[in-house]
Amino acid sequence: MVPLPKRKLSKGRRDRRRAHDALKAANLVQCSNCGELRLPHTVCPNCGYYQGREVVSMEKEAKK
């Protein structure tokens, strides 16, 4: 047989346990090169710059 709780957990105890389960907003910073929002300590996905220098070369798409 599977072990079962002896008493019902109160709503307060249940909710206190779940107090840390909320999703947190992403911590975004502005790219110093293009101004696009990006995650900190990562290469900018828009322009490919990191700490003031180009790390990944991004090709511009030609408009048709």
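Up top you'll find the structure we're talking about.
The rules behind the values
- Residues numbered from 1 in each chain as written.
- Predicted model: local features only at pLDDT ≥ 70, side-chain atom pairs only at ≥ 80, totals over all residues.
- Heavy atoms only, no water.
- Helix = DSSP H or I, 4+ residues; strand = E, 2+ residues; numbered from the N terminus.
- Rg over C-alpha atoms; globule rule 2.2 N^0.38 Å.
- Buried < 20%, exposed > 50% of the residue type's maximum accessible area, 1.4 Å probe, protein only.
- Contact = heavy atoms within 4.5 Å.
- Areas by Shrake-Rupley, 256 points an atom, 1.4 Å probe, with all protein chains shown as cover.
- Lys, Arg positive; Asp, Glu negative; His and termini not counted.
- Charge placed at Lys NZ, Arg CZ, Asp CG, Glu CD.
- 1 Å grid on protein atoms, 1.4 Å probe; cavity = no way out; pocket = protein on both sides within 12 Å on 5 of 7 lines; lining within 4 Å.
- Points joined across faces, edges and corners; volume = space filled by probe spheres on them.

Q: Quick rundown of the overall build of the protein chain? Include the residues and the values.
A: Tallying secondary structure elements over the protein chain gives 1 helix and 4 strands in all. Helices (α) and strands (β) of the protein chain occur, in sequence order from the N terminus, as α-β-β-β-β. Its C-alpha atoms give the protein chain a radius of gyration of 23 Å, more than 25% over the compact-globule value 11 Å for 64 residues. Across its three principal axes, the protein chain shows a C-alpha extent of roughly 65 × 25 × 25 Å. In the protein chain, which comprises 64 residues, the share counted as buried stands at 8%. Put simply, of all contacts in the protein chain between residues at least 6 apart along the chain, 0% involve residues at least 24 apart. Carbon and sulfur atoms provide 52% of the accessible area of the protein chain, an area that totals close to 6,600 Å². Across the protein chain, the centroid of the 15 positively charged side chains sits 20 Å from that of the 6 negatively charged ones.

Q: Got a sec to walk through empty space enclosed by the protein? Specific residues and values, please.
A: Summed over the entire model, instances satisfying the criterion amount to 1 cavity of 30 Å³ or more. The volume enclosed by the largest cavity comes to roughly 40 Å³. In terms of lining, the largest cavity is formed by Cys31, Ser32, Arg38, Tyr49, Tyr50, Gln51 and Gly52.

Q: Could you give an account of the environment of asparagine 27, with specific residues and numbers?
A: If you trace the backbone, asparagine 27 turns up in the loop between helix H1 (11–17) and strand E1 (29–30). The exposed category is assigned to asparagine 27, whose relative accessible area is 53%. Apart from residues no more than four positions distant in its own chain, asparagine 27 is found in contact with Arg38, Leu39 and Pro40.

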